[in-house]
Amino acid sequence: MSIPTGILLFFLTVIGMEAFAYAAHRWVMHGFGWFLHESHHRARHGNWELNDLYAAIFAVPSFVLLLGGVQLGWWPGFAWIGAGIAAYGAIYFGFHDVIVHQRIPTRYLPKSKYMKRIVQAHRLHHVVETKEGNVSFGFLVAPKPEDLKAELKRRARAGKVGVRAPVGTRAFGEK
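Definitions and limits used
Residues numbered from 1 in each chain as written. Predicted model: local features only at pLDDT ≥ 70, side-chain atom pairs only at ≥ 80, totals over all residues. Heavy atoms only, no water. Helix = DSSP H or I, 4+ residues; strand = E, 2+ residues; numbered from the N terminus. Buried < 20%, exposed > 50% of the residue type's maximum accessible area, 1.4 Å probe, protein only. Contact = heavy atoms within 4.5 Å. Lys, Arg positive; Asp, Glu negative; His and termini not counted. Charge placed at Lys NZ, Arg CZ, Asp CG, Glu CD. Phe/Tyr/Trp six-rings, centres within 6.5 Å; stacked < 30°, edge-to-face > 60°. Polar contact = N/O pair within 3.5 Å; in protein donor to acceptor, adjacent residues only side chain to side chain. Salt bridge = Lys/Arg side-chain N within 4 Å of Asp/Glu carboxyl O. Core = buried A, V, L, I, M, F, W, Y, C linked by side-chain atoms within 4.5 Å.

**Student:** Any chance you could break down the overall build of the protein for me, citing the residues and the numbers?
**Tutor:** Assigned secondary structure in the protein consists of six helices and zero strands. Start at the N end of the protein and walk to the C end: the helices and strands fall as α-α-α-α-α-α. Projecting the C-alpha coordinates of the protein onto the three principal axes gives extents of approximately 60 × 35 × 35 Å. Looking at the protein as a whole, 38% of its 175 residues are labelled buried. Within the protein, contacts between residues separated by at least 24 positions form 54% of all contacts whose residues are at least 6 apart in sequence. Positive and negative side-chain charges in the protein, numbering 21 and 11 respectively, have mean positions lying 7 Å apart.

**Student:** Run through the packing of aromatic side chains, naming residues and quoting values.
**Tutor:** Under the counting rule described, the total for this entry stands at eight aromatic pairs. Taking 5.7 Å as the distance between ring centres and 85° as the angle between the ring planes, the aromatic pair formed by Phe20 and Phe58 counts as edge-to-face. In this pair, Phe20 sits in helix α1 (residues 3-32) while Phe58 sits in helix α3 (residues 53-70), placing the two residues 38 residues apart along the sequence. The partly exposed category is assigned to Phe20, whose relative accessible area is 44%. For Phe58, a relative accessible area of 30% puts it in the partly exposed group. Ring centres 6.0 Å apart and planes at 85° place the aromatic pair Tyr22 and Phe137 in the edge-to-face group. Placement of Tyr22 in helix α1 and of Phe137 in the loop between α5 (113-125) and α6 (145-157) is noted, with a sequence separation of 115 residues between them. By relative accessible area, Tyr22 is classed as partly exposed at 34%. Linked through ring pairs, Phe20, Tyr54 and Phe58 together constitute an aromatic cluster.

**Student:** A description of the environment of Val127 should follow, citing residues and the corresponding values.
**Tutor:** Locating Val127 in the fold gives a position in the loop between α5 and α6. Distance in space between the C-alpha atoms of Val127 and Phe78 is 38 Å, their sequence separation being 49 residues.

**Student:** For the side chain of Thr13, give the residues involved together with the corresponding values.
**Tutor:** Along the chain, Thr13 falls in helix α1. Of the residues examined, Thr13 reaches a relative accessible area of 12% and is grouped as buried. Polar contacts involving the side chain of Thr13 include one to the main-chain carbonyl oxygen of Leu9, which spans 2.8 Å. When neighbours within four sequence positions are excluded, Thr13 is seen to be in contact with Ile81, Gly84 and Ile85.

**Student:** Describe the pattern of salt bridges, with residues and values.
**Tutor:** One pass over the structure, following the stated rule, counts six salt bridges. Measuring nitrogen to oxygen at the nearest pair gives 3.3 Å for the salt bridge that ties Glu49 to Arg44. Arg155 serves as the salt-bridge partner of Glu151, at 2.6 Å between the closest nitrogen and oxygen. Highlighted residues: Glu151 and Arg155, both in helix α6, separated by four residues, approximately one helical turn. When salt bridges that share partners are traced, they join Asp52, Asp97 and Arg103 into one network.

**Student:** A description of the nonpolar core should follow, citing residues and the corresponding values.
**Tutor:** General note: in soluble globular proteins, nonpolar side chains tend to be found buried as a group. One finds Tyr88, Phe95, Phe139 and Leu152 to be the most contacted residues of the largest nonpolar core, which totals 24 residues. Elements represented by at least two residues in this core include exactly α1, α4 (77-100), α5 and α6. Counting residues per element, this core draws most heavily on α4, which supplies six residues. Other than its neighbours up to four places away in sequence, Phe139 contacts Glu18, Ala21, His25, Tyr88, Tyr92, Phe95, His96, Ile118 and His122.

**Student:** I'd like a description of unusual backbone geometry, backed by residues and values.
**Tutor:** Backbone geometry places Gln102, a non-glycine residue, at a positive phi of 50°. Considering the arrangement of structural elements, one finds Gln102 in the loop between α4 and α5. The class of Gln102 is partly exposed, set by a relative accessible area of 42%. Residues other than glycine seldom take positive phi values, yet Ser136 does so here, at roughly 60°. Mapped onto the elements of the fold, Ser136 is located in the loop between α5 and α6. According to the relative accessible area criterion, Ser136 is buried, its value standing at 7%.

Printed below as a string of structure tokens:
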């Protein structure tokens, strides 16, 4: 396989992983996998939460594809795909765990419109502590925060979701 083809496959995988992550977050983590993900919507005590097992689960395909493509004689494209999955995992870790949830202390403050948008969208996802009624399931692509706030207000008025405010602020939707 040519290097340009491999690089293309790598980048297509990184892009495709956003769609996979959205679907996994929406229908697995907020579905039958809630028993693990619920810990992520609660206050964390200590360095780890049950939700962290998803990182290990999602690393397995990357590891297997890299091993197969590099060492076991499988189609070389599998190595590029495995690397793309690993790269998305690293991007996710940096964005989600370091920037948004600050699991590693940093002084980073989002300045670009894009970074402000995805950070705010993810924080709006966390105003709902239950598995139903959440908004914004993507990690690197997110709707406008104004649209998410309006949808959360609509759901709260309809009694479809219990929305909490961050500690020390008014309840969501209060003036």
